[in-house]
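Structural characterization, general
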Amino acid sequence: MNDEWGYEWGLPVAASSYASDIDWLMGLLHAVMIFIFVAWGIFFVYCLFRYRARDGQRASYHQSGESASFIPDALVLAFEVWLILAFGIPLWASIKQETPPAKESLTVHLIAQQFAWNFQYPGPDGKFGRREVSLVSAENAIGLDPDDPASKDDIITINNLNVPVDKPTILRMTSKDVIHNFQVANFRNKQDLVPGLETMLWFEPTLEGKFEIGCAQLCGLGHTKMVGNVLVQSEADFADWQKQQVAERTGTSSTADAGSILPGADSRS
Amino acid sequence: MTDAHGHAGAHAHGHAGPQGFIWKYVFSVDHKVIGIQYLVTSFLFLLVGFSMMLLMRWQLAVPTPGDDFDPEKLGMIRGLLNWMFPESMPFGFMDPVFYNQLGAMHGTIMIFLGVVPLGVAAFGNFVMPLQIGAPDMAFPRLNMMSYWTYLVGGIVIMSSFLADGGAPQSGWTSYAPLSVVAPAGQTYWLIGMVIIITSSLFGAINFIVTTLNMRAKGLTLGRMPVFCWAQLVTAVLLLLAFPVLEAGALLQLLDRVAGTSFYIPKDMIYGATVFPRAGGGSPILWQHLFWFLAHPEVYVLLLPAMGIVAEIIATNTRKPLFGYKELVGSLCVIGVLSFIVWAHHMFLSGMRTSLANLFVTTTMTISIPSVAVLTCLLLSLRGGTIRFNTPMLFALAFLPMFGIGGLTGLPLGFAPTDLHLHDTYYVIGHFHYVVAPGSLIALIGGTYYWYPKMFGRKMNEKLGKVHFWMTVIPMNFVFFPMLIQGMYGMQRRLATPTDQWHNLPVQGWSMLIGIAGAVLFVGQLPFLWNFFWSLKHGEVAGANPWNATTLEWACPSPPPHGNFATPPEVFRGPYEYSVPGHKTDYWPQDEAA
């Protein structure tokens, strides 16, 4: 544990509802892997020592234990079947195939581009303003339709995702240009964002604080700098933030002037 | 290489070898010369790919200028880098575009121009016809064409550095649409890949036909050495998997140069406007086509290495391999299963999520024959009298190193844990353990093992052992920390990982990796020296320097044109060592009872 020198190891702080399940599995798998490797390694080193060439010794031609040699295969197979049935299928389904009920969750649209994350919140009306590809411009990064009444109170942020703690957030994601990947290591989840396709990622944060979003799919020269933050707030703080955003939004012009509400990437520690 | 050449056997076979340097050593149709051409060329490419990685590791060790950075006092290395790459590495700090170029080229070179040609084409060409007792490959001219096609493909790919906008920069995986909109270097990559794939197909057909049709009398499939089995399965994989990537690459080429949109979806925006001709394509289609090749490709990298290890272990334990049938069966099962695991690279690609369950299951299944191979090779040590010569050290090191590579595949192939580890340094650590301390050291072991057959002299044992320790130890310091960084969530393909604060706690490991990488590079110098020095000064090897049983040791070293003075006949299995009652502890396959 030496932060200063950068030689930390293990898993980063877990901050989502399913992170503990994944960490438990990660621990189990690595314990089994280390056990197999060490047990195997001890036998290996023993063989190298015990059966080294010595004068006058002749190797034994006959083999024994041919059927016993299938025991490791069978044990590994049994372990893997158990792993798939007990954890693989149900855990995968609960994280990737099922979505928490929309009514009890915050839904946010995420539109990635080289090299930024654009978030669209529906605002108090709970409706997302229409996006239209022909409206995309430098000022209107996601192509929000200003004539759509639902878009009037939408909140647009760049690289900053504010969410309430202990409540699921569902991201409906796509990309404008190339493939990106939304990763928050503390949430133990990630998902590709593919142009022409909607993908989903949900998480329920369990810790308040700031967590870094990184792009995990090579997306061009700015790939490294395609970062953002998830700011997990208490329910009350999140409500305040949302109110303030809407006030700013309805006070200004109806096109999404995202730059004015950009909290600034340099606030990162 | 010429002084130990004998020509006695060539005429006995009815056709003389070609005369004159050009036809004998350059445009040769002799499988042995072609094998050595492949060996030298692929080692050169490996050196190039390794050098690129050293530049990248330099960048990753110190990604940005520190507080004490002074552009007036760069120091020797920074000064040199600044002088060599004034545009792409000013003051010794790498431009991210250059980083992406080196990353894509490192992967492409190491896999398609380095390890595959070394494992399959170099050893397959040189050893396989000898091991089955054939005078040459079935189609010698096709064989020659395969080498020259490969060389042209390699030159096309390398020349992409001269292209407008530089070398390909979309990763060795070339994911669309990034690759479709990338600068011209990507077109070179695609054309080069089509040429290289064509070369591999020439080789694959030749290998299959040769193995099936040209075996010596008495050499039934059940008596064939494991190495030949591995080459046969590999050739089938190449034949069935590579055409899919060839088609995929041609489609991407059309997307780039002919205005099609196989991989470009509707409404894709590029450069703030809708991309012209966008529509109808799917970026995920490329990933399916790519990985349909690239997963069997992993086994193309691995199977020849397993074959080599099996040969070396049998020879140097002086006993039969444990479970020959189980080994061969496992290799075949791996070959079949390798075609139905490809989408485990795509759990998070946007592919229908329920499909993950199928691919998790097939991926877990393919671990079983791999466990069986390792078990058989491990149990082969039991009851032996192990000789620790250089080839054996490399073969033995393959076992635990491939073990780590295989085991770390488990949390990646298992979808819930892949959620965290996908596209992190854990992946890099995992597949490098499979390919570098795994396959590659087995191939280096193979070089020490068959060098006497190639050149008539043994390589120096002392230098070989120095090379061994200077390779295996640094390799672990390079690749193990990557597993730690990946576990902490550091993504791959970042030119400056320190731009992301979640990576800072594990940045220190990159310094260790950089130093170990440099040591690894220095550790290859004894090998380089040994390889050339031993051509003239190595201990003269007879036909059978290791007292081995398989057919390649039945002909002179180096074998003359046509290989065998008289066609050999086979009387027994490949690994009859220490047979009770036999006068020596080895009983060659071709020795009449």
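Quick note: structure is the one above.
We now turn to the structure provided with this report.

Taken residue by residue, the interface counts 90 residues in chain A and 108 residues in chain B. Between chain A and chain B, roughly 8,400 Å² of surface is buried when both sides are summed, and carbon and sulfur atoms account for 66% of that area. By the criterion of area lost to chain B, the three top residues of chain A are A:Y61, A:W92 and A:L218, representing 9% of everything that side buries. The interface formed by chain A and chain B includes one salt bridge. The salt bridge partner of B:D499 is A:K225, with a shortest N-O separation of 2.6 Å. Counting the contacts that link chain A with chain B gives 35 residue pairs in polar contact (both at pLDDT 80 or more). Take the side of chain A that touches chain B: its biggest share by element is 17 residues, from helix α2 (residues 70–97) of chain A.

Attention shifts here to the layout of surface pockets. Residues and elements named next belong to chain B. Counted as a void, the second largest pocket has a volume near 490 Å³. Taken together, 18 residues make up the lining of the second largest pocket; nearest its centre are L54, L55, W58, I77 and A518. Among the elements of the structure, α3 (31–61), α4 (75–84) and α16 (508–523) are those that each provide at least two residues to the lining of the second largest pocket. The residue inventory of the lining of the second largest pocket, partitioned by class, reads 14 nonpolar, two polar and two charged.

With that settled, the discussion passes to the pattern of salt bridges. All names here are of chain A. Across all of its chains, the model carries 13 salt bridges over all chains by this definition. We note a salt bridge from R172 to E198, for which the minimum N-O separation is 3.7 Å. On the criterion of sequence distance, the pair formed by R172 in strand β5 (residues 169–175) and E198 in the loop between β7 (189–193) and β8 (199–203) is long-range, its members being 26 residues apart. Since its relative accessible area comes to 52%, E198 is described here as exposed. Within this structure, R130, E132 and D145 form a network of salt bridges that share partners.

We now examine the packing of aromatic side chains. Inspection of the entire model under this criterion finds 55 aromatic pairs over all chains. Taken together through their ring pairs, the aromatic side chains of B:F43, B:F394, B:Y448, B:Y451, B:F455, B:F468, B:W469, B:F527, B:F531 and B:F532 make up a single cluster. In this arrangement the basic side chain of A:R52 is found over the ring face of A:F49, its NZ or CZ atom lying 4.5 Å from the centre. Over the ring of B:F93 we find B:R78; its NZ or CZ atom is 4.0 Å from the centre of that ring.

With the rule as written, the count across this model stands at three cavities of 30 Å³ or more. Size it by volume and the largest cavity reaches roughly 170 Å³. For the largest cavity, the lining is made up of 19 residues, of which B:Y38, B:V120, B:A121, B:S199 and B:S200 are closest to its centre. Elements represented by at least two residues in the lining of the largest cavity include exactly α5 (96–131), α6 (140–158), α7 (185–213) and α8 (226–257) of chain B. Across the lining of the largest cavity, the residue classes break down as 13 nonpolar, six polar and no charged. Counted as a void, the second largest cavity has a volume near 60 Å³. For the second largest cavity, the full set of lining residues is A:V178, A:I179, A:Q217, A:L218, B:S170, B:T173, B:Y175, B:A176, B:L178 and B:R493. Split by residue class, the lining of the second largest cavity holds six nonpolar, three polar and one charged.

Right, let's get into the packing of helix α14 (residues 425–455) of chain B against helix α15 (residues 461–487) of chain B. All names here are of chain B. Contact pair α14 / α15: the axes reach a minimum separation of 7 Å and the direction vectors enclose 165 degrees. With respect to each other, α14 and α15 are oriented roughly antiparallel. The chirality of how α14 crosses α15 is left-handed. Broken down by class, the residue content of the contact of α14 with α15 amounts to 16 nonpolar, nine polar and no charged.

Conventions and cut-offs
Residues numbered from 1 in each chain as written. Chains lettered and ligands numbered in written order. Predicted model: local features only at pLDDT ≥ 70, side-chain atom pairs only at ≥ 80, totals over all residues. Heavy atoms only, no water. Contact = heavy atoms within 4.5 Å. Buried area = accessible area lost by both parts, 1.4 Å probe. Salt bridge = Lys/Arg side-chain N within 4 Å of Asp/Glu carboxyl O. Polar contact = N/O pair within 3.5 Å; in protein donor to acceptor, adjacent residues only side chain to side chain. Helix = DSSP H or I, 4+ residues; strand = E, 2+ residues; numbered from the N terminus. 1 Å grid on protein atoms, 1.4 Å probe; cavity = no way out; pocket = protein on both sides within 12 Å on 5 of 7 lines; lining within 4 Å. Points joined across faces, edges and corners; volume = space filled by probe spheres on them. Nonpolar A, V, L, I, M, F, W, Y, C, P; charged D, E, K, R; others polar. Buried < 20%, exposed > 50% of the residue type's maximum accessible area, 1.4 Å probe, protein only. Phe/Tyr/Trp six-rings, centres within 6.5 Å; stacked < 30°, edge-to-face > 60°. Lys NZ or Arg CZ within 6 Å of the ring centre and 35° of its normal. Axes fitted to C-alpha atoms, helices over the stretch in contact; angles between N-to-C directions. Parallel < 35°, antiparallel > 145°, perpendicular 65-115°, else oblique. Left-handed = near helix turned anticlockwise from the far one by under 90°.

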